[in-house]
Amino acid sequence: MKRKTKKQKTFSIDINDNILILGASKELETRKMGKHIDTYDVVCRINNGGNHQLLNNKHKDIVGTKKNIWFCLEPFGLKRNKPSLINKFDLVFVNHKKIFNEYKNKYKNLRYFPEEITKNIKNTLYSFNGTPLKYEPTSGIKTIFYFITHYQQTPLEKGCMGTIYNNIHLCGFDGFQSGHWYGNKFIKNQDESDANAVKGLGRHNLTKEFEYIKYLNDIDFLKII
């Protein structure tokens, strides 16, 4: 993996780098995989997983400290987590054009998450297990699809569909059967929202999504650790 240096400021990922996409299930609290998480070439954090209140010495045994890519795709998540946090990461993706336009000139490592990936997820899940198109994919599966269907080239905001990285790993993914490990710390009804999403109530259907994620694990397209 090529990292930022004084002579080279462009962040890039090699196709054979070990990539970890870190979820937020409660299993992280008991597994204490922080040191192992930080051994990966590229660590990707999602939504509140990039918040400074979690990425600190108090929680480093749970989620590690490495800050490569932050997929802050939740509506208004960037503002709630402080835009200045963008400077702590090599890359940050947002999912809302208005927010991207507001901050893109100030933060050169800010990227807009490709809209075609969200459409691809909906179509794939519909074909795989009949997931109704009305459901909005979660930030977790959007992050996964970014790596399995959108091979980044230079510059990273451009690429082509249909190629993948060779070593994609997931940790902290269980379909949110256990909920977020930090509970309602950032969103007051997070636990309730997780429970409803598992049942297919609300914007997401976590059960349907996780069926596909397990399928990708079963065919060695990625690995759940």
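Definitions and limits used
Residues numbered from 1 in each chain as written. Predicted model: local features only at pLDDT ≥ 70, side-chain atom pairs only at ≥ 80, totals over all residues. Heavy atoms only, no water. Helix = DSSP H or I, 4+ residues; strand = E, 2+ residues; numbered from the N terminus. Buried < 20%, exposed > 50% of the residue type's maximum accessible area, 1.4 Å probe, protein only. Contact = heavy atoms within 4.5 Å. Areas by Shrake-Rupley, 256 points an atom, 1.4 Å probe, with all protein chains shown as cover. pLDDT = per-residue confidence, 0-100. Phe/Tyr/Trp six-rings, centres within 6.5 Å; stacked < 30°, edge-to-face > 60°. Lys NZ or Arg CZ within 6 Å of the ring centre and 35° of its normal. Salt bridge = Lys/Arg side-chain N within 4 Å of Asp/Glu carboxyl O. 1 Å grid on protein atoms, 1.4 Å probe; cavity = no way out; pocket = protein on both sides within 12 Å on 5 of 7 lines; lining within 4 Å. Points joined across faces, edges and corners; volume = space filled by probe spheres on them.

A word on the overall build of the chain
- A tally of regular secondary structure across the chain gives 9 helices and 9 strands.
- Here the chain holds 225 residues, and 52% of them are scored as buried.
- For the chain, the share of sequence-separated contacts (at least 6 apart) that also reach a separation of at least 24 residues comes to 59%.
- When the accessible area of the chain is evaluated, it comes to approximately 11100 Å², of which 49% is carbon and sulfur surface.

Quick word on the confidence of the model for the chain
- A residue-level look at the chain finds 90% of positions with pLDDT of 70 or above and a mean pLDDT of 87.
- This stretch, residues 151-161, has a pLDDT under 50; its non-local contacts, to residues over four places away or in other chains, come to 25 contacts.

A closer look at the packing of aromatic side chains
- Per the counting criterion, the structure on display carries 15 aromatic pairs.
- When the centroid spacing of 4.9 Å and the interplanar angle of 55° are considered together, the rings of phenylalanine 93 and tyrosine 146 count as tilted. Here the residue phenylalanine 93 occupies a position in strand β4 (residues 91-94), and tyrosine 146 occupies one in helix α7 (residues 139-149), the gap between them amounting to 53 residues.
- For tyrosine 146, a relative accessible area of 1% corresponds to the buried category.
- Ring centres of phenylalanine 128 and tyrosine 212 lie 5.0 Å apart, and the angle between their planes is 75°; this geometry places the pair in the edge-to-face category. Within this pair, whereas phenylalanine 128 is found in helix α6 (residues 115-129), its partner tyrosine 212 is found in helix α9 (residues 206-218), the two being separated by 84 residues in sequence.
- A relative accessible area of 33% means that phenylalanine 128 is categorised as partly exposed.
- The class for tyrosine 212 is buried, based on a relative accessible area of 11%.
- Each residue in the set Phe71, Phe93, Phe113, Tyr146, Phe147 and Tyr165 is aromatic and connected to the rest through ring pairs, giving one cluster.
- For lysine 97, the ring lying beneath its charged end belongs to tyrosine 112, and the centroid distance is 4.0 Å.

Quick look at the pattern of salt bridges
- What the rule picks out here adds up to 6 salt bridges.
- Note that glutamate 27 and arginine 31 form a salt bridge whose closest N and O atoms lie 3.9 Å from each other. Here glutamate 27 and its partner arginine 31 are both found in helix α1 (residues 27-31), 4 residues apart, which amounts to about one turn of the helix.
- Here lysine 32 makes a salt bridge to aspartate 61, at a shortest N to O gap of 3.5 Å. Of the two residues, lysine 32 is situated in the loop between α1 and α2 (34-37) and aspartate 61 in helix α3 (residues 60-63); the sequence distance between them amounts to 29 residues.
- Accessibility expressed as a relative area gives 46% for lysine 32, which makes it partly exposed.
- Within the structure, one salt-bridge network assembled from shared partners comprises Lys122, Glu136 and Lys142.

Thoughts on empty space enclosed by the protein
- Under the definition given, this model contains 1 cavity of 30 Å³ or more.
- Looking at the largest cavity, its volume works out to about 60 Å³.
- Lining the largest cavity we find Ile121, Lys122, Leu125, Thr131, Pro132, Leu133, Tyr135, Glu136, Pro137, Asn205 and Glu209.
- Residue contributions to the lining of the largest cavity peak at 3 residues, all from α6.

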